[in-house]
Amino acid sequence: MEAANFRPSRFLAATTAPSPPPPAPPPSDPRSLHFLRHDSTTNSPKLKPPSTFSVRASAGVHNNPVVTLLDYGAGNVRSVRNAIRSLGFDIKDVQSPKDILNAERLIFPGVGAFAAAMDVLTQKGMAEALCTYIKNDRPFLGICLGLQLLFESSEENGPVNGLGLIPGVVGRFDSSNGLRVPHIGWNALQLMKNSEILNTIRNNHVYFVHSYRAMPSDDNKDWVSSTCNYGDNFIASVRRGNVHAVQFHPEKSGGTMLLFLDCTSGQVIACLDVRTNDEGDLVVTKGDQYDVRENTKENEVRNLGKPVDLAGKYYRDGADEISFLNITGFRDFPLGDLPMLQVLRYTSERVFVPLTVGGGIRDFTDGSGRYYSSLEVASEYFRSGADKVSIGSDAVYAAEEYIRSGVKTGKSSIEQISRVYGNQAVVVSIDPRRVFLKNPDDVDFKTVRVSNPGPNGEEYAWYQCTVNGGREDRQIGAYELAKAVEELGAGEIMLNCIDCDGQGKGFEIDLIRLISDAVNIPVIASSGAGKVEHFSEVFKKTNASAALAAGIFHREELGIGSVKKHLSNEGIEVRLTPYKPPPSRFSRPWN
């Protein structure tokens, strides 16, 4: 991501070799709230001095080692559950407003869109109980949307009223000055006052993923415990008495959570291409120009390890995000892929950084005639532990229809999912191939003058998009696709290049510069890295927010550490110290 004074590179990696396990536990989903408006001067809650909300001790320290979780069912709350359990606490789910009022310590991990969250809390009658609980200065922790909903209102699909406990309006980041929105990645906090749960963070970085933020003002200054700079200073956390809320994700900031742990700087995302091999086992593989089979007589699928084992290794090596791409997901019904869902569940028990999953997310009708919307498919991935979903072929079809008609129907997978979960939850994977041209006017698509001429001296090229794992060409360019999906609600683009995949000659700089200059959302550069200099080159020559590599790490030609050290030496901020997971009370085997 880019910030006013800080541009953290998000270096994405896919690495190698199986390994042992760290922390573990079980599952669930999302979040939400309702609104009771309170006058910010007369009805603001008068909260008592702190008695501390410390949810880090082992179960034996507390007479009642239970955390009450307000999980309204809209996104990935599985990681929060796993983090709480790994700390030795049991979980009680809120079933009624009474459960909120009776809670000894309450956590509200909001994931999704402001209006949808408010609707749920309103319909379930939980907003009044939540306001009463907070006004009584009971131990409370809100996460992400769990912070935003405490404010008076939000501009997201609004204006929409919030709980009205903190003065201020939640607005969208201003992208008019070139700022990438959503704000996705690791950033530093500026502490404004003592807040015990922030003490372990100090100068370290934490993980953000959001398009909307609340701004500090004279009216809410008594609440603000830290800010963060992304274009402007926005509110990163609030604290009054026993009430705490944070815009960032402590459960995704490299550790177990809740006293906010050891979060160091930078960002590394491990990317794993996953598919079933010829024996029916789910394996991590890697192709050359999208061909994942070995050049042998047997022509077997290249097997580079087990997904959960590798994800655990990346986490222990310091990866800041992990992405699973189910590269044959376009063929089958993804909800029928139980092994992939199980991989997500097992990984989320042991890995406390963001998880993205892609492959086959689309509307689907099964053999019995039962229709599933893309939103239902994505929701199952979120319930299984994903924080973001990546859409490929279906995004191309949606963009083609939108360009043809000029109408947003609200029915595309991008629109359905971003409306409920927010655009930060939707990644679009673009898979183009280069088409050289002698004359830029030969096609109706955006062209570029290429740095390296084509085989017949061509000086121009356009980038033709594909679907079905690169097997089928479409009459739409990468530029046109990127612009369309941003308008439809995508929050991030993973930009591949079939020509460069597995070649080790460097990223397709011309393509990456074209797309990263065209959109205001983050762009992940993928395909072609072969040496450390390729990573610094892509950050220096383009506006890419991240860079991804796979084969060089699978084959141990480079290590994550050596690439990050090089980036750091080149003045590109990265997290150099791997997170050391704490001892866990769980010892369940990996597979």
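Under an unreviewed UniProt entry, the name given to the protein chain is Imidazole glycerol phosphate synthase hisHF, and the source organism is Rhododendron griersonianum. Its UniProt record, at the heading Function (unreviewed entry), says of the protein chain: "IGPS catalyzes the conversion of PRFAR and glutamine to IGP, AICAR and glutamate. The glutaminase domain produces the ammonia necessary for the cyclase domain to produce IGP and AICAR from PRFAR. The ammonia is channeled to the active site of the cyclase domain." In its Subcellular location (unreviewed entry) section, UniProt records this for the protein chain: "Plastid, Chloroplast".

Undergrad: Is there a simple way to explain the side chain of Ser 413 in this structure?
TA: Relative to the helices and strands, Ser 413 resides in helix H10 (residues 413–421). A distance of 2.7 Å separates the side chain of Ser 413 from the side chain of Asp 394, its partner in a polar contact. Those residues in contact with Ser 413 that sit more than four places away from it in its chain are Ile 361, Ser 374, Ile 391 and Asp 394.

Undergrad: Honestly, unusual backbone geometry in this entry has me stumped. Any pointers?
TA: The phi torsion of most residues other than glycine is negative, and most of the peptide bonds are trans. Cis geometry marks the peptide bond from Gly 158 to Pro 159, where omega comes out at 25°. With respect to the element layout, Pro 159 can be found in the loop between strand E6 (151–154) and strand E7 (160–161). The omega torsion of the bond from Val 181 to Pro 182 falls at 15°, within 30 degrees of zero and hence cis. Mapping Pro 182 onto the fold places it in the loop between strand E8 (166–172) and strand E9 (183–188). Here Asp 137, not a glycine, exhibits a phi torsion of approximately 60°, which is positive. Mapped onto the fold, Asp 137 is located in the loop between helix H4 (127–135) and strand E5 (140–144). Phi at Cys 144 is positive, roughly 60°, even though this residue is not glycine. You can see Cys 144 is positioned in strand E5.

Undergrad: For this particular structure, what's the right way to read the sheet that holds E8?
TA: What holds strands together in a sheet is hydrogen bonding between their backbones, with the strands either parallel or antiparallel. Spatial ordering of the open sheet is given by E7-E6-E8-E12, a layout of four strands whose pairing is mixed. Only two strands of the sheet have a single neighbouring strand rather than two, namely E7 and strand E12 (212–214). Bridge count between E6 and E8: three bridges; the pairing is parallel. The partner of Ser 154 across the bridge, within E8, is Val 170.

Undergrad: Whenever I open this one, helix H15 (residues 560–569) confuses me. Can you help?
TA: Three or four residues apart is the spacing at which side chains of an α-helix point the same way, because the helix has 3.6 residues per turn. All buried positions along H15 are accounted for by Ile 560, Val 563, Lys 564, His 566 and Leu 567. With its buried residues spanning 160° around the axis, H15 presents them on a single face. Residues of H15 that are exposed and point over 90 degrees away from its buried face: Lys 565 and Asn 569. Downstream of H15 by a residue or two, Gly 571 has a phi angle that is positive, lying close to 85°.

Undergrad: Sorry, what's going on with the nonpolar core here?
TA: Soluble, globular proteins show a tendency: their nonpolar side chains are buried together. In this structure, Ile 322, Phe 324, Ile 493 and Phe 535 are the most contacted members of the largest nonpolar core, which totals 89 residues. Among the nonpolar cores identified, the runner-up in size contains 39 residues, and Val 94, Ala 103, Ile 134 and Leu 149 belong to it.

Undergrad: Help me understand the pattern of salt bridges, please; the structure alone is not making it clear to me.
TA: Here the idea is simple: oppositely charged side chains can pair when their charged atoms come close. As enumerated under the stated definition, the model contains 17 salt bridges in all. Among the ionic pairs, Arg 434 bridges to Glu 508, the shortest N-O distance being 2.9 Å. One end of the pair, Arg 434, is in strand E24 (residues 432–437); the other, Glu 508, is in the loop between strand E28 (492–495) and helix H12 (509–518), with 74 residues separating them in the sequence. Across the pair Glu 472 and Arg 474 runs a salt bridge whose closest N-O atoms are separated by 2.9 Å. Residue classification places Glu 472 among the partly exposed positions, given a relative accessible area of 30%. The class for Arg 474 is partly exposed, based on a relative accessible area of 22%. Here the salt bridges share partners, and the residues they tie into one network are Asp 71, Arg 81 and Asp 93.

Rules used in this analysis
- Residues numbered from 1 in each chain as written.
- Predicted model: local features only at pLDDT ≥ 70, side-chain atom pairs only at ≥ 80, totals over all residues.
- Heavy atoms only, no water.
- UniProt positions renumbered as here; feature names shortened; annotations may be inferred.
- Helix = DSSP H or I, 4+ residues; strand = E, 2+ residues; numbered from the N terminus.
- Polar contact = N/O pair within 3.5 Å; in protein donor to acceptor, adjacent residues only side chain to side chain.
- Contact = heavy atoms within 4.5 Å.
- Pairing = 2+ DSSP bridges.
- Buried < 20%, exposed > 50% of the residue type's maximum accessible area, 1.4 Å probe, protein only.
- Arc of directions from axis to C-beta.
- Core = buried A, V, L, I, M, F, W, Y, C linked by side-chain atoms within 4.5 Å.
- Salt bridge = Lys/Arg side-chain N within 4 Å of Asp/Glu carboxyl O.

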